[in-house]
Amino acid sequence: MTADELVFFVNGKKVVEKNADPETTLLAYLRRKLGLSGTKLGCGEGGCGACTVMFSKYDRLQNKIVHFPANACLAPICSLHHVAVTTVEGIGSTRTRLHPVQERIAKSHGSQCGFCTPGIVMSMYTLLRNQPEPTMEEIEDALQGNLCRCTGYRPILQGFRTFARDGGCCGGKGNDPNCCMNQKKDHTVTLSPSLFNPEEFMPLDPTQEPIFPPELLRLKDAPQKQLHFEGERVTWIQASTLKELLDLKAQHPEATLVVGNMEIGIEMKFKNKLFPLIVCPAWIPELNSVEHGEEGISFGASCPLSCVEKTLLDAVAQLPTHKTEVFRGVLEQLRWFSGKQLKSVASIGGNVITASPISDLNPVFMASGAKLTMVSRGTRRTIRMDHTFFPGYRKTLLGPEEILLAIEIPYSREGEFFSSFKQSSGREDYVAKVTSGMRVLFKPGTTQIEELVLCYGGMADRTISALKTTRKQLSKFWNEELLQDVCAGLAEELQLAPDAPGGMIEFRRTLTLSFFFKFYLTVLQKLGKVDSEDEVPKGQSEEDMVGRPLPHLGASMQACGEAMYCDDIPRYQNELSLRLVTSTRAHAKIKSIDTSEAQKVPGFVCFLSADDVSGSNKTGFFNDETVFANDEVTCVGHIIGAVVTDTPEHAQRAAQAVKITYEDLPAIITIEDAIKHNSFYGSELKIEKGDLQKGFAEADNIVSGEFYIGGQEHFYLETHCAIAVPKGEAGEMELFVSTQNTTKTQAFVAKVLGVPANRILIRVKRLGGGFGGKEIRSTLVSTAVAVGAYKTGCPVRCMLDRDEDMLITGGRHPFLARYKVGFMKTGRIVALEVDHYSNAGNTLDLSEAIMQQTLLHMDNGYKIPNIRGTGWLCKTNLPSNTAFRGFGRPQGMLIAEHWMSEIAVTCGLPAEEVRRKNMYKEGDLTHFNQKLEGFTLTRCWDECLASSQYHARKSEIDKFNKENCWKKRGLCIVPTKFGVSFTVHFLNQAGALIHVYTDGSVLLTHGGTEMGQGLHTKMVQVASRALKIPTSKIYISETSTNTVPNTSPTAASVSTDLNGQAVYEACQTILKRLEPFKRKNPSGSWEDWVIAAYQDAVSLSATGFYKAPDVGYSFETNSGNPFNYFSYGVACSEVEIDCLTGDHKNLRTDIVMDVGSSLNPAIDIGQVEGAFVQGLGLFTLEELQYSPEGSLYTRGPSTYKIPTFDSIPIEFRVSLLRDSPNKKAIYASKAVGEPPLFLAASVFFAIKDAIRAARAQHKDYDMKELFRLDSPATQEKIRNACVDKFTTLCVTGVPENCKAWSLRV
Ligand SMILES: Cc1cc2nc3c(=O)[nH]c(=O)nc-3n(C[C@H](O)[C@H](O)[C@H](O)COP(=O)(O)OP(=O)(O)OC[C@H]3O[C@@H](n4cnc5c(N)ncnc54)[C@H](O)[C@@H]3O)c2cc1C
Ligand code: FES
Ligand code: FES
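Residues numbered from 1 in each chain as written. Chains lettered and ligands numbered in written order. Predicted model: local features only at pLDDT ≥ 70, side-chain atom pairs only at ≥ 80, totals over all residues. Heavy atoms only, no water.

A closer look at the overall build of the protein chain
- Along its length, the protein chain carries 37 helices and 47 strands.
- Against the compact-globule benchmark of 34 Å for 1305 residues, the protein chain has a radius of gyration of 31 Å, which places it among compact chains.
- With respect to the three principal axes, the spread of C-alpha positions in the protein chain is 95 × 80 × 75 Å.
- The burial tally for the protein chain puts 64% of its 1305 residues in the buried class.
- Split by element, the accessible area of the protein chain, about 46900 Å² in all, is 51% carbon and sulfur.
- Here the protein chain contributes 141 positively and 149 negatively charged side chains, and the mean placements of these two sets differ by 1 Å. (Helix = DSSP H or I, 4+ residues; strand = E, 2+ residues; numbered from the N terminus. Rg over C-alpha atoms; globule rule 2.2 N^0.38 Å. Buried < 20%, exposed > 50% of the residue type's maximum accessible area, 1.4 Å probe, protein only. Areas by Shrake-Rupley, 256 points an atom, 1.4 Å probe, with all protein chains shown as cover. Lys, Arg positive; Asp, Glu negative; His and termini not counted. Charge placed at Lys NZ, Arg CZ, Asp CG, Glu CD.)

In structure tokens form, the structure reads like this:
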């Protein structure tokens, strides 16, 4: 059979593909075949939304054109026949006109690194195509499938709010006292919302949108015919009728049906599965029909979940309430079901037949008794879904030739009640821990049970029904006794082995009871037997741009998909792709490497190993790493070699085909293992001051304990990427790298190739986020591609997939602290001793410098007269941990706030009083003997206390907690004092280069890289003020080693301070040279003076150099100043926890931050919000999970939860402290990138406060009881800490020698 042509449209242009390969995704096709690089690859698994595009097609059943968002990373091109695709490039451009969505996200400062921006733009754009005047709820809903790691989301919502018909911005003209524009004037602080002027925005004009391709419209009545596409390994048949489909299934029972590809796509990409014959039934009318029947609504199995959602919403609005109990249960599950992108393509039948043990819908369908119709050629049967439908793991009763035709969701009856529940790591997290559907039917007019069905996902290898428990309840009444009985029954029936996959045993078991308790209460409420608990109620010149909220200079290009990231660079003609081959063992000898199967993969070029390294195979910050492992591997993810092939797809296949055999060696995975085996890097680090013994002797109280802080994945949206281009002579090579550290990249590549550094050119345009993860670890990829390019003589590119990136490149260090603190009855601290242990991983990297910062910040903002802090770097068999925003300080400060909160509890004093009492004062010496000058922390504290109305709200919270049993609120205010400088003295230097061209335009270069933090924008502002010319005349093209050499990494929050001063110096040199020409022609323009200087043969190019004075500290003598100055801030947060599930809501956060005289308030506030939200992830959401063998389980957005649009505080008020110029940095500004991150600790301790309120309900509760809550405060930890009658029923013993599923590392 010859293959058909695939015809679709992209941005209005027809695409005809004669060789459509079913394995090709739309994303790969757009980026590589069509050169449309605006659509980004962030995860490849449908979890981040960076690849969002809009699909439009003519819907024959609805008789209209429909538009919906979709993830290009999971859409096979073969599914796109006669579909019109719109990408970010298709809606607007900086060259012509931005679309209002693009304009508003850019101008409202909603784009920092910009890597997420095109996807967010397309989600919003699609919403507006369907609903030009959306509500805020619809906007938030539309963005549910998109992640951003930089902005903290608030500015994006603020910008898009201007499209909303409710809460839309009136530009300050309305009478609404809460209008965002009214907030500025009366405050002593700058509030975040007033940083743009909505009046300037272009209006949205729906009539101007591109039309649906007329050619496709003309085809709407033409009969659809079967299509056939043939790829390298896979055949795709698009069936057009039910008969065709059943015939195909009869002939090829092994064929796989694919509708949305959300399951199959993941299996192909991540589980390396091959499906040689795919049949797509998406077009078949019977499988797309929706029928309202006698007993329920029947959906064809291919109906997308968005269609199910819309139909049920309409039914709920129209039908009597008693008929829609089940529908509301389904809708509740769909609400938390990933994003619109997924729901628009994923089918209801696909969800059922996938038979996932954690499916959200199957427990609901099973509990409701939904009817399934299954057909094959000549057979048809309809069954009710019950506990027999899933006979095993991922198995159903469907026969090999059968397909699922339809599923009928029943109406509920009078006296019938239904609820559904889903608990995952966060409310928008789609991967559930436990899901449930629960139904009860009462005998008419009574509360006597006729039917009770409780179905669960996440408690076995399939969806199950708790039959033993429910059977016993028939004819019983809905009362407290039944509740006790069911809970005891569930605790008995729903057991999990201590080593069950997914871990969290007690949490999951407790949830099964908590869910039932919620169901019990809900039913009582519906029966009118209880009241519900309250829900939460929802003299500078005009031209001088310093201090103004100038939007990020790349924002518009980022919003249009024009901004170039490393992997957007067009492919070279002879370019090759590289894929790393990494260890699957934590510690082992490599016995053999067999590449014979890999060599058979089409396009295979070579395998690289240590033998291919022409220079030194030794690399790393301390020379303790290898480019490719020699004969031993020391962590899972250790790079052993790499395959080089013609395409990334072939590279992936070849890498998977490389066979490695190992001889295992003993491995050390956790901090405790390392302590036990004395496995440390170097000797301990220490800071000591005062007389510890005397301090403890004087203390009224001493508290000691242990506290653990988990690690964190950087999760920059752009993964590591590098391209090496050999230049063909004298060992020259040019590399494009996504790195924060051009100098180390250059040095490491030169070393590995054995050439001088002057042959290696590193170029960085921008990064899609870095956060410290690209300070050193980016060299893992750049050295590998350099070896590949050297060996093959061709350009070689590698962009890590998200799972590889997470596995290989390490993250923030986990910490264990053992502490002892002595204090007086008044709460005043007199002595502190803390032993800090960090899990450094298999190489030293930056771990020592990070621990130094931990020790230097173990005081946070408090004066401690007698103190000793020690630090040990645990050498383990995990991938090396590395720099991460805050660089060890957040861990040091969180430990400080932990013991501080214990002092307050032990003394029975309000926590804020104890914190304030111990706070430093102006002129105090720190524990490292640096004098505090310009100490604004107390001002920030007092302002935050006042602006947050702390005391009034505290009383309200106490009242709320008294009135509510299962929901509790907590409030906490914490300070931060953040030392600014690199601790390594010589790194506190920077350079700049400025060229002025004869047309007056200025090309500026400096040592820092742009990764979303707005550094280039601030540098342009600095140069603009210094040269007194508009910012539009100044351009920064890139960061490169041949313009500014020997740069320090863009890190430690000092890049603006250092580079800004260097830029300033360079500008001064230019100004001095122009001075004579200005004097000669005082009324002339900048251009006149420039041209006059040129004609007088005066150089218009200058360098600038700066080093921070007086920075240098000795740990040996505890003297000298480690920091140039300090940044300060305070945050007050209020949370509400659900004691039954461990969920928490961030109700409100107030931040007062001292950023000196802000160079750019929009960027600074963006940094404060972004850092805070990243801290929120660190302390409350993000949990890395490792197997006992040291293998990371959490390798993508489906398993690792970063904050989403829903995670940010409902009220989020950021203020910059006024009138606090800083004489130590450029134009009196202060560092801002890292300091605010720690302020999210206010949320952590507010959660702890709320848990305390829950525990206080016990009759034998001791007000001074201390309890342990490690970081992050996940739902599991919150639930387990709210001890109650349910948790005690689910205590699970762990037998000796039982290996838990996951380890705390
Ligand atoms: C990012 C992401 C988020 C997700 N979030 C959730 C979530 O929150 N909750 C949840 O429960 N699931 C979730 N899933 C799983 C996913 O939603 C379901 O697997 C989805 O509904 C599958 O539909 P599909 O059309 O894409 O299936 P496909 O991948 O196309 O097919 C899935 C399976 O169903 C079979 N199949 C499809 N139609 C038929 C039919 N008519 N007859 C017989 N067999 C058929 C296929 O052969 C295949 O085995 C998520 C998946 C991803 C990738
Ligand atoms: S790249 Fe497609 S959703 Fe992340
Ligand atoms: S701006 Fe959103 S990920 Fe960087």
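So that's the structure; there's more coming.
Thoughts on the environment of Thr512
- By the secondary structure assignment, Thr512 is in helix α17 (residues 505-526).
- Spatially, the C-alpha atom of Thr512 lies 9.8 Å from that of Gly457, the residues being 55 residues apart in sequence.
- The contacts of Thr512, once residues within four sequence positions are left out, are Val434, Met438, Tyr456, Met459, Leu490 and Leu494. (Contact = heavy atoms within 4.5 Å.)

Focus: the sheet that holds strand β20 (residues 576-582)
- An order of β22-β26-β20-β33-β30-β31-β32-β41 is seen for the 8 strands of this open sheet, with the pairing classed as mixed. The open sheet terminates on both sides in strands that have one partner only, identified here as β22 (604-608) and β41 (1039-1040).
- Bridging between β20 and strand β33 (residues 796-799) involves 2 bridges; their strand directions are parallel. When the bridges of β33 are listed, Leu576 appears paired with Val796. (Pairing = 2+ DSSP bridges.)

Looking at the sheet that holds strand β15 (residues 403-410)
- Spatially, the 5 strands line up as an open sheet ordered β11-β12-β15-β13-β14, and their pairing is antiparallel. Of all strands in the sheet, those bounded by a partner on one side alone are β11 (290-292) and β14 (379-384). Strand after strand, the sheet turns through a mean of 20 degrees between neighbouring axes, direction not considered.
- Here strand β12 (residues 296-300) runs beside β15; their pairing, made up of 5 bridges, is antiparallel. (Axes fitted to C-alpha atoms, helices over the stretch in contact; angles between N-to-C directions.)

Section: unusual backbone geometry
- Note the cis peptide between Ser1271 and Pro1272, where omega equals 5 degrees.
- Along the chain, the position of Pro1272 falls in the loop between α35 (1241-1255) and α36 (1275-1281).
- If you check the backbone angles, Asn623 has positive phi at about 60 degrees while not being a glycine.
- Summarising the element assignment, Asn623 is placed in the loop between β23 (618-619) and β24 (625-626).
- Despite not being glycine, Phe771 has its phi angle at roughly 55 degrees, a positive value.
- Mapped onto the fold, Phe771 is located in the loop between β32 (760-764) and α24 (779-792).
- Here Phe771 falls in the buried class, since its relative accessible area comes to 11%.

Things to note about the UniProt feature "binding site: substrate" (unreviewed entry) in the protein chain
- Residues given the UniProt feature "binding site: substrate" (unreviewed entry) here are Glu775, Phe887 and Thr983.
- Locating Glu775 in the fold gives a position in the loop between β32 and α24.
- On the accessibility criterion, Glu775 (7% relative accessible area) is buried.
- Beyond its immediate stretch of four places on either side in the chain, Glu775 contacts Gln740, Asn741, Leu846, Ala883, Phe887, Pro1049 and Ala1051. (UniProt positions renumbered as here; feature names shortened; annotations may be inferred.)

Some thoughts on helix α26 (residues 847-856)
- For α26, the buried fraction is high: 9 of the 10 residues fall into the buried class.
- Considered for burial, the residues of α26 that qualify are Ser847, Ala849, Ile850, Met851, Gln852, Gln853, Thr854, Leu855 and Leu856.
- Summarising the contacts, the buried residues of α26 are in contact with β28 (680-689), β34 (815-823), β35 (829-841), β36 (866-875), α27 (889-907) and β43 (1112-1114).

What about the UniProt feature "active site" (unreviewed entry) in the protein chain?
- The feature "active site" (unreviewed entry), as annotated in UniProt, sits at Glu1234 in this numbering.
- Inspection of the secondary structure puts Glu1234 in the loop between β47 (1211-1216) and α35.
- The exposure class assigned to Glu1234 is buried, which follows from its relative accessible area of 8%.
- Polar contacts involving the side chain of Glu1234 include one to the main-chain amide nitrogen of Gly886, which spans 2.7 Å. (Polar contact = N/O pair within 3.5 Å; in protein donor to acceptor, adjacent residues only side chain to side chain.)

Re the state of the cysteines
- Applying the stated rule across the entire model yields 0 disulfides.
- Between Cys721, a free cysteine, and Cys566, which holds the nearest cysteine sulfur, the sulfur-to-sulfur gap is 3.5 Å.
- Considering cysteine sulfurs only, Cys606 is the nearest to Cys794, which forms no disulfide, with 9.4 Å between them. (Disulfide = S-S within 2.5 Å.)

Some details on the site of ligand 1
- Of all residues adjacent to ligand 1, which total 31 residues, the nearest are Leu257, Val259, Gly260, Ser347 and Asp360.
- Here Leu257 contributes a backbone N or O atom positioned 2.6 Å from an oxygen atom of ligand 1.
- A distance of 2.9 Å is found between a nitrogen atom of ligand 1 and a backbone nitrogen or oxygen belonging to Leu404.
- Protein chains bury 92% of the 980 Å² of accessible surface belonging to ligand 1 in isolation.
- When contributions to the shell around ligand 1 are tallied by element, the ones reaching two or more residues are β9 (256-257), α8 (264-270), α13 (348-354) and β15.
- In terms of residue count, α13 provides more of the shell around ligand 1 than any other element does, 4 residues in total.
- Within the shell around ligand 1, the residues separate by chemical class into 17 nonpolar, 10 polar and 4 charged. (Near = heavy atom within 4 Å. Nonpolar A, V, L, I, M, F, W, Y, C, P; charged D, E, K, R; others polar.)

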